[in-house]
Amino acid sequence: MVDIAVIPGDGIGKEIIPKVCEMLSTIDSSIDFTYYGISSERYLNKGITITDEEIEDLKSYKSILFGAIGDFSVKPGVMEQGVILKLRKELDLYMNIRPAISFKAITGNNINMTILRENKEDFYSDISGNFNEHKTFNKNDGFYNYNGDINIESDDQIYYTMGFLSRKNLKRFFRSAYKIAGSENITVTDKANAVPMYSLWREIAMEEAEPFKREIAFEYADSLAYNMVRNPKKYSYVIAPNLYGDILSDMASSLTGGLGYAPSGNIGDKSSMFEPVHGSAPDIAGKNIANPVASILSSIMMLKHINQTETASIIEKSLENVIGEGIIPVESGGHAGTHEFIEKVKNQCSLLKNEI
Ligand code: IPM
Ligand code: MN
């Protein structure tokens, strides 16, 4: 028996994820799903983002399938920081794998790259505040006035978030990244030319590459963004700090059909959480037009991670067949609504399963 925790969340997450789980059940009845009602709706009713008990509970699963979270009626950041970022930190999910792989029938190209995103540090930091609270800095360079004597009524106010990187975390992150990348080409990105803390990032990137006897290329994130659009085939694995990895993975998906085709896996040594890169998209939720492919791909990544390889390859093949037959999601100019698309993949799965 495999027990998976499911957090459909909000918007299109709630619309797609339970259907994907139903599909998984029809192929493999040994998979059990336990649902968690963590959502903006609950937050609006009860003021709860996620409870400590839920976090403890979720730690006991090898894998979580996550939809999306966030709603127009909740202040931006509350659910994102209170749920997703909290889970990444509390469950110690330090590696975020974000493939951007095109389906030829959708994009006409064959781009295949993966962003490996550090998932806990960098500017995703709680070391934040403003100088109304902390009057500890003392600097006056003519423009900024950090002399600790802030006049709240004036433009002197300064808000800050301190980015940080830790040697311990980066060591395990790079080790894991090089293992994942295997013998494919690797580009490590940062802004070591502008942000001093990335010198540690580079140092550890080089140190950890040594045992793998690997050549790695370094490219500044701005240059990488430029070249990724002009020449995407140059890249196989891109290793990025948290914030640049967030931005670059959206960008990469725009080259391979869009966010509707972008899955991800948040990986730790004990737990893991798989989620489409897209958000809850409340503007299109409930209209049967959201693209379910990113969630289906995320479920495939999850099954591979927990060694359910046969089920994973049935879904993978079915998805390819369905798209290959010209059944195209609305997002990509086709006619297949959310439910019809999942239904087609599910039927294809049953056919393939019977052939085995
Ligand atoms: C993502 C999302 C999150 C992030 C948000 C919702 C906090 O954009 O998973 O890419 O910035 O990591
Ligand atoms: Mn993002």
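A quick note: this is a predicted structure, and the numbers were derived from the prediction, not measured.

A.B. asks: Would you mind going over the pattern of salt bridges with me for this structure?
C.D. replies: Pairing between side chains of opposite charge can happen when the charged atoms of each approach one another. Across all of its chains, the model carries 15 salt bridges by this definition. Arg 117 is the salt-bridge partner of Asp 246, the closest N and O atoms lying 3.7 Å from each other. Taken together, the positions of Asp 246 in helix α9 (residues 242-254) and Arg 117 in strand β5 (residues 112-118) put the pair 129 residues apart, joining distant regions of the chain. For Arg 117, a relative accessible area of 1% puts it in the buried group. Here Arg 175 makes a salt bridge to Glu 208, at a shortest N to O gap of 3.1 Å. In this pair, Arg 175 sits in helix α6 (residues 167-181) while Glu 208 sits in helix α7 (residues 198-209), placing the two residues 33 residues apart along the sequence. For Glu 208, a relative accessible area of 8% gives the class buried. Within this structure, Asp 92, Lys 120 and Arg 172 form a network of salt bridges that share partners.

A.B. asks: Would you take a moment to explain the sheet that holds strand β11 (residues 217-220) for this structure?
C.D. replies: Strand order across the open sheet formed by 10 strands is β2-β1-β3-β14-β13-β4-β5-β12-β10-β11, with mixed pairing between neighbours. The two strands at the open ends of the sheet, each matched to only one other strand, are β2 (31-35) and β11. Shown here is a sheet whose adjacent strand axes are inclined to one another by a mean of 25°, direction ignored. Sheet topology note: the strand β1 (residues 2-9)/β2 ladder contains five bridges and is parallel. Residue Ala 5 lies in a different strand from β2, and its bridge partner there is Thr 34. Strands in contact with helix α1 (residues 11-27) are β1, β2 and β3 (64-68); relative to β1, the strand with the most contacts, it is inclined by about 160°.

A.B. asks: Just checking my understanding: could you explain empty space enclosed by the protein for this structure?
C.D. replies: To find leftover empty space, a probe the size of one water molecule is rolled over the atoms. The final tally for this structure, using the stated rule, is one cavity of 30 Å³ or more. Within this model, the largest cavity holds a volume of roughly 30 Å³. Together, Arg 98, Pro 99, Ala 100, Ile 115, Ser 249, Ala 252, Ser 253, Ala 262, Pro 263 and Val 277 line the largest cavity. Mapped onto the lining of the largest cavity, the elements with two or more residues apiece are β4 (95-101) and α9. Looking at the lining of the largest cavity residue by residue, the class counts come to seven nonpolar, two polar and one charged.

A.B. asks: Just checking my understanding: could you explain the site of ligand 1 for this structure?
C.D. replies: Close to ligand 1 lie Glu 80, Ile 84, Leu 85, Arg 88, Arg 98, Arg 117, Tyr 124 and Asp 246. Here Arg 98 contributes a side-chain N or O atom positioned 2.8 Å from an oxygen atom of ligand 1. Contacts to ligand 1 include Tyr 124, whose side-chain N or O atom sits 2.6 Å from an oxygen atom. Here ligand 1 loses 78% of its free accessible area of 320 Å² to cover by the protein chains.

A.B. asks: Looking at this model, I keep getting lost on the environment of Ile 356. Mind explaining?
C.D. replies: Relative to the helices and strands, Ile 356 resides in the segment after α12 (338-355). As a C-alpha pair, Ile 356 and Ile 314 span 42 residues in sequence and 9.7 Å in three-dimensional space. Contacts of Ile 356, omitting those with residues within four sequence positions, involve Glu 310 and Ile 314.

A.B. asks: Help me out: how do you make sense of α9 in this one?
C.D. replies: Quick reminder: α-helices carry 3.6 residues per turn. Residues three or four places apart thus point the same way. Its 13 residues place the ends of α9 19 Å apart at the C-alpha level, agreeing with the 18 Å of an ideal helix rising 1.5 Å per residue. Regarding α9, the residues found buried are Asn 242, Tyr 244, Gly 245, Leu 248, Ser 249, Met 251, Ala 252 and Ser 253. For α9, the secondary structure elements touched by its buried residues are β4, β5, β10 (186-190), α7, α8 (221-230) and β12 (237-240).

A.B. asks: What's the story with the layout of surface pockets in this structure? I'm lost.
C.D. replies: Approximately 600 Å³ is the volume attributed to the largest pocket. Forming the walls of the largest pocket are 26 residues, and the residues nearest its centre are Glu 80, Leu 85, Arg 88, Arg 117 and Tyr 124. Elements represented by at least two residues in the lining of the largest pocket include exactly β3, α4 (78-90), α9 and β14 (272-276). Tallied by class, the residues present in the lining of the largest pocket amount to 10 nonpolar, six polar and 10 charged. Its volume calculated, the second largest pocket comes out at about 460 Å³.

A.B. asks: Would you mind going over the pairing of β1 with me for this structure?
C.D. replies: The two faces of a sheet get side chains in turn, since along a regular strand they alternate between them. Among the eight residues that make up β1, seven are buried, leaving the element largely enclosed by the rest of the structure. Traced from β1 through α1 to β2, the parallel crossover comes out right-handed. Two elements, β1 and β3, share four bridges in a ladder whose sense is parallel. Of the residues in β3, the one forming a bridge with Gly 9 is Ala 68.

The rules behind the values
- Residues numbered from 1 in each chain as written.
- Chains lettered and ligands numbered in written order.
- Predicted model: local features only at pLDDT ≥ 70, side-chain atom pairs only at ≥ 80, totals over all residues.
- Heavy atoms only, no water.
- Salt bridge = Lys/Arg side-chain N within 4 Å of Asp/Glu carboxyl O.
- Helix = DSSP H or I, 4+ residues; strand = E, 2+ residues; numbered from the N terminus.
- Buried < 20%, exposed > 50% of the residue type's maximum accessible area, 1.4 Å probe, protein only.
- Pairing = 2+ DSSP bridges.
- Axes fitted to C-alpha atoms, helices over the stretch in contact; angles between N-to-C directions.
- Contact = heavy atoms within 4.5 Å.
- 1 Å grid on protein atoms, 1.4 Å probe; cavity = no way out; pocket = protein on both sides within 12 Å on 5 of 7 lines; lining within 4 Å.
- Points joined across faces, edges and corners; volume = space filled by probe spheres on them.
- Nonpolar A, V, L, I, M, F, W, Y, C, P; charged D, E, K, R; others polar.
- Near = heavy atom within 4 Å.
- Polar contact = N/O pair within 3.5 Å; in protein donor to acceptor, adjacent residues only side chain to side chain.
- Areas by Shrake-Rupley, 256 points an atom, 1.4 Å probe, with all protein chains shown as cover.
- Expected span 1.5 Å × (residues − 1).
- Right-handed = clockwise from strand over helix to strand, strands pointing away.

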